[in-house]
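Geometric and topological summary
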Amino acid sequence: MKTTLAAVVILLLIGTSWVSAQMSRGNPKIGQGVYEQQCLRCHGSKLDGNGPDSEDLIVRPANLQSRITRSKTDWELLVAISNGVLFSPMHGFRGKLTDEQILDVLSYIRAMSPPDIVS
Ligand code: HEC
């Protein structure tokens, strides 16, 4: 009886952490739509920073495929997307997009340009 209870508790713990991990991950499919509407004109369809508007900017949009961006943490990228990048045309999207949409667009970026794990 005790072992069954312990097994149930363990399963519940694993289950809930899995669900919360999934929830905080965002939906790359929805993120793609957000990206195409809000980000593509600067960062480009290949996420390489060569969007149609990039030519006119003083500070070129970040190449989201670059090793530099790929080795940044989710948190660093979320801060850039939410708050913007100082002294650059990259303005913050907090208020313009919901937190959910920001997570979605981040998961799209991560899907297109997988994180570079620095060991
Ligand atoms: C008006 C053009 C423009 C738009 C629109 C734009 N960005 Fe940017 N983005 C930039 C520029 C410029 C930088 C800064 C490049 C630098 O600092 O060298 C930047 C930087 C970033 C970075 C930081 C990269 C790093 O390595 O630190 C992320 C992440 C990013 N943008 C994501 C997005 C997302 C997601 C969207 C849409 C929701 C978006 N951007 C919309 C121009 C833009």
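A few points on the structure. This structure is a prediction, so every number in the text was calculated from the model and none was measured.

Criteria and cut-off values
- Residues numbered from 1 in each chain as written.
- Predicted model: local features only at pLDDT ≥ 70, side-chain atom pairs only at ≥ 80, totals over all residues.
- Heavy atoms only, no water.
- Helix = DSSP H or I, 4+ residues; strand = E, 2+ residues; numbered from the N terminus.
- Buried < 20%, exposed > 50% of the residue type's maximum accessible area, 1.4 Å probe, protein only.
- Contact = heavy atoms within 4.5 Å.
- Axes fitted to C-alpha atoms, helices over the stretch in contact; angles between N-to-C directions.
- Parallel < 35°, antiparallel > 145°, perpendicular 65-115°, else oblique.
- Nonpolar A, V, L, I, M, F, W, Y, C, P; charged D, E, K, R; others polar.
- Near = heavy atom within 4 Å.
- Polar contact = N/O pair within 3.5 Å; in protein donor to acceptor, adjacent residues only side chain to side chain.

1. What about the overall build of the protein?
- Tallying secondary structure elements over the protein gives six helices and zero strands in all.
- Going from the N terminus to the C terminus, the protein shows its helices and strands as α-α-α-α-α-α.
- Considering the protein as a whole, with its 119 residues, one finds that 28% of them fall into the buried category.
- Summarising the internal contacts of the protein: among those between residues at least 6 apart in sequence, 51% fall at separations of at least 24.

2. Looking at unusual backbone geometry
- Even without being glycine, Leu 47 reaches a positive phi, approximately 65°.
- Here Leu 47 is to be found in the loop between helix H3 (40–43) and helix H4 (67–70).
- We note that Phe 87 has phi near 55°; this positive angle belongs to a residue other than glycine.

3. A word on the environment of Asp 53
- By secondary structure assignment, the location of Asp 53 is in the loop between H3 and H4.
- Taking relative accessible area as the criterion, Asp 53 reaches 27% and is therefore assigned partly exposed.
- Linking Asp 53 and Arg 41, residues twelve residues apart in sequence, is a C-alpha distance of 5.4 Å.
- Not counting residues up to four positions away in its chain, the partners in contact with Asp 53 are Arg 41 and Cys 42.

4. Focus: the packing of helix H2 (residues 28–38) against helix H6 (residues 99–112)
- Closest axis-to-axis distance for the H2/H6 pair is 7 Å, and the angle between their directions is 95°. When the interaxial angle is binned, H2 and H6 end up roughly perpendicular. Across from Pro 28, Ile 30, Gly 31, Gln 32, Val 34 and Tyr 35 in H2, the residues of H6 making contact are Gln 101, Asp 104, Val 105, Ser 107, Tyr 108 and Ala 111.
- Along the lines of polarity and charge, the residues of the contact of H2 with H6 split into seven nonpolar, four polar and one charged.

5. Focus on the site of the ligand
- In the region of the ligand, 24 residues are neighbours, and Cys 39, Cys 42, His 43, Thr 69 and Met 90 sit closest.
- For the ligand, a nitrogen atom lies 2.8 Å from a polar atom in the side chain of His 43.
- At 2.8 Å from an oxygen atom of the ligand is found a side-chain nitrogen or oxygen belonging to Lys 72.
- For the shell around the ligand, the secondary-structure elements that each account for two or more residues are H3, helix H5 (74–83) and H6.

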